[in-house]
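If you want the building blocks of each chain, they are given just below.
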Amino acid sequence: MGRLFWVVMTLLIAVAAHITYVLFEPGLVFQKKLNALSAAKPDNSFFILPHEEQSQLFPTATANDVVGVCKYDLDAGRVVLSAKLPRSYWTVSIYTDSGAQIYALDDVQAGSNSFTVDLTRAKTLLQQLLAKNDGEDGGQIENLGWKVESTERRGLAVIWVPLSDVLMRDGVEKTIRESDCKLKAAQ
Amino acid sequence: MRVFSSSAFAIFGGLGLGIFTAIYALGSFGLKPATGNQGWQEWRLSENDRMLPYSLGHFLGSGQVPPPKAARYYVRERDDEGNVLSSDCIFEISGPSTPARWWSLSVGQKEESVLSAGQAMLDSAGNISAVVSRHPLPGNWLKPPDSGSFTLTYIVTEPIKQKGDATLVLPHVKKAGC
């Protein structure tokens, strides 16, 4: 009976360790990688990844493609991603810090190669309950394009432009460099 | 004394077992055989898949964001006959071009060589054929790592839905010599 108890205890600890490791360890590795990748770049700024690094971060990208990144932090307000993209196939994907994809857009869905995405922090249940009907949104509707709410404070917006010829890279990079990612302080 | 040793065994044994199985599961539980495509395995990225945490964990643990939801991510480590994909041998890849907005076929863990939708030369029937070889060969050529075995990765982004059977037809891989 005593031996069975310890075997069951061992298995329960194993299950708990398994679940904890699967749910948390990969996210920690990813955050560490993200911090190292953009150590020289401040949050809420847009930059193009060096081609040797882009497939290490974005699995569908090859070394020929162009990948632009905005590492956002919604702690101090909303973040507006203004994208300028070439007339070709591209995707915009927005991820939370834990790797969940919360938004996706491509050239066909957008219908335009120049647009903005407004990133805000999703309201908690308590904030929703306390919000008044005439609250924030009513007087502040702006023509901002798309609006995305994130449940997490930090994350990553990735613009991916696959290229058929590496010689196109300079021209495409020049276009994408006009994109921007800026913090708009909370009002 | 006996209680102490038993509880130490339960704690350390349980932690070790849990972590070991988690590492193993992150590398394999998110994979499933690609339906109708012998040898290919697909990462389970569907939101409804019970194995999704393992798939997401696999990519995040490699320091990558997970592939976009519109992408299908396939890998294989053996040819159609079950031979390990080895840099010492030449492998032929052939099949119909995938109806998708974009696709890429890459060799090796660190993407030593890539062929993509925009670069690949197709024959008049729209089929693709490529060869993986250490030495350059005419046509679509992919260079494997300098030594050892390698993984072939096929990523299809935004596949275009076909009438009837929605299964994607992926390329065959055959050994052509060593």
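Owing to the predicted nature of the structure, the values given are computational and were not obtained by experimental measurement.

Caption draft 1: Looking closely at the overall build of chain B. Helix and strand content of chain B: two helices and 10 strands. Sequence-ordered secondary structure for chain B, helices as α and strands as β, is α-β-β-α-β-β-β-β-β-β-β-β. On C-alpha atoms alone, chain B measures out to a radius of gyration of 20 Å, which is more than a quarter above the 16 Å that the 2.2 N^0.38 rule sets for 178 residues. Overall size of chain B, expressed as C-alpha extent along the three principal axes, is 75 × 40 × 30 Å. Residues counted as buried form 35% of the 178 residues belonging to chain B. Intrachain contacts of chain B at a sequence separation of at least 6 include 69% that bridge at least 24 residues.

Caption draft 2: Up close: the sheet that holds strand E3 (residues 71–76) of chain B. Residue and element names in this part refer to chain B. Strand order across the open sheet formed by six strands is E1-E2-E3-E9-E5-E6, with antiparallel pairing between neighbours. Pairing within the sheet leaves two strands with one partner each, and these edge strands are strand E1 (31–33) and strand E6 (113–116). Across the sheet, the mean angle from the axis of one strand to that of its neighbour is 25 degrees, orientation sign disregarded. Of the pairings in the sheet, the one linking strand E5 (residues 100–107) to strand E9 (residues 152–159) comprises seven bridges and is antiparallel in character.

Caption draft 3: Fine view of the domain arrangement of chain A. Residues and elements named next belong to chain A. Under the domain assignment, chain A is made up of domain 1 (1–37) and domain 2 (41–185). For domain 1 and domain 2, the distance between their C-alpha centroids amounts to 32 Å. With five residues of domain 1 at the interface, the matching set in domain 2 holds seven residues. Of the residues in the side of domain 1 that touches domain 2, the class split is three nonpolar, two polar and no charged.

Caption draft 4: Structural detail: the confidence of the model for chain A. Here chain A averages 84 in pLDDT, and 90% of its residues register 70 or above. No element of chain A has a lower mean pLDDT than helix H5 (residues 136–139) of chain A, which averages 50, and none a higher one than strand E4 (residues 91–96) of chain A, which averages 92.

Caption draft 5: Structural view of the interface of chain A and chain B. Taken together, the 42 residues of chain A in the interface contact 43 residues of chain B. Contributions of two or more residues to the side of chain A that touches chain B are made by helix H1 (2–37), helix H2 (51–57), E4, strand E5 (101–106) and strand E8 (154–161) of chain A. Tallied by class, the residues present in the side of chain A that touches chain B amount to 25 nonpolar, 13 polar and four charged.

Caption draft 6: Representation of unusual backbone geometry. At Asn-44 of chain A, a residue that is not glycine, the phi angle is positive and equals roughly 55 degrees. Residue placement: Asn-44 of chain A occurs in the loop between H1 and strand E1 (46–48). Judged by C-beta crowding, with 22 C-beta atoms within 10 Å, Asn-44 of chain A ranks as buried. Notably, Glu-158 of chain B is not glycine yet its phi reads approximately 50 degrees, a positive angle. Considering the arrangement of structural elements, one finds Glu-158 of chain B in strand E9. Owing to 18 C-beta atoms within 10 Å, Glu-158 of chain B belongs among the partly exposed residues under this scheme.

Caption draft 7: The arrangement of the sheet that holds strand E8 (residues 140–142) of chain B in detail. Residue and element names in this part refer to chain B. In spatial order, the strands read E8-E7-E4-E10; together these four strands make up an open sheet with mixed pairing. Whereas interior strands pair on both sides, the edge strands pair on one side only; in this sheet they are E8 and strand E10 (172–177). Recorded for the sheet is a direction-independent mean angle of 25 degrees between the axes of neighbouring strands. Across three bridges, strand E7 (residues 127–132) lies against E8 in parallel orientation. Along E8, the bridge assignment pairs Ala-130 with Asn-140.

Thresholds, definitions, all that
- Residues numbered from 1 in each chain as written.
- Chains lettered and ligands numbered in written order.
- Predicted model: local features only at pLDDT ≥ 70, side-chain atom pairs only at ≥ 80, totals over all residues.
- Helix = DSSP H or I, 4+ residues; strand = E, 2+ residues; numbered from the N terminus.
- Rg over C-alpha atoms; globule rule 2.2 N^0.38 Å.
- Buried ≥ 20, exposed ≤ 12 C-beta atoms within 10 Å, placed from the backbone.
- Contact = placed C-beta atoms within 7 Å.
- Pairing = 2+ DSSP bridges.
- Axes fitted to C-alpha atoms, helices over the stretch in contact; angles between N-to-C directions.
- Domains from an automatic or database assignment.
- Nonpolar A, V, L, I, M, F, W, Y, C, P; charged D, E, K, R; others polar.
- pLDDT = per-residue confidence, 0-100.

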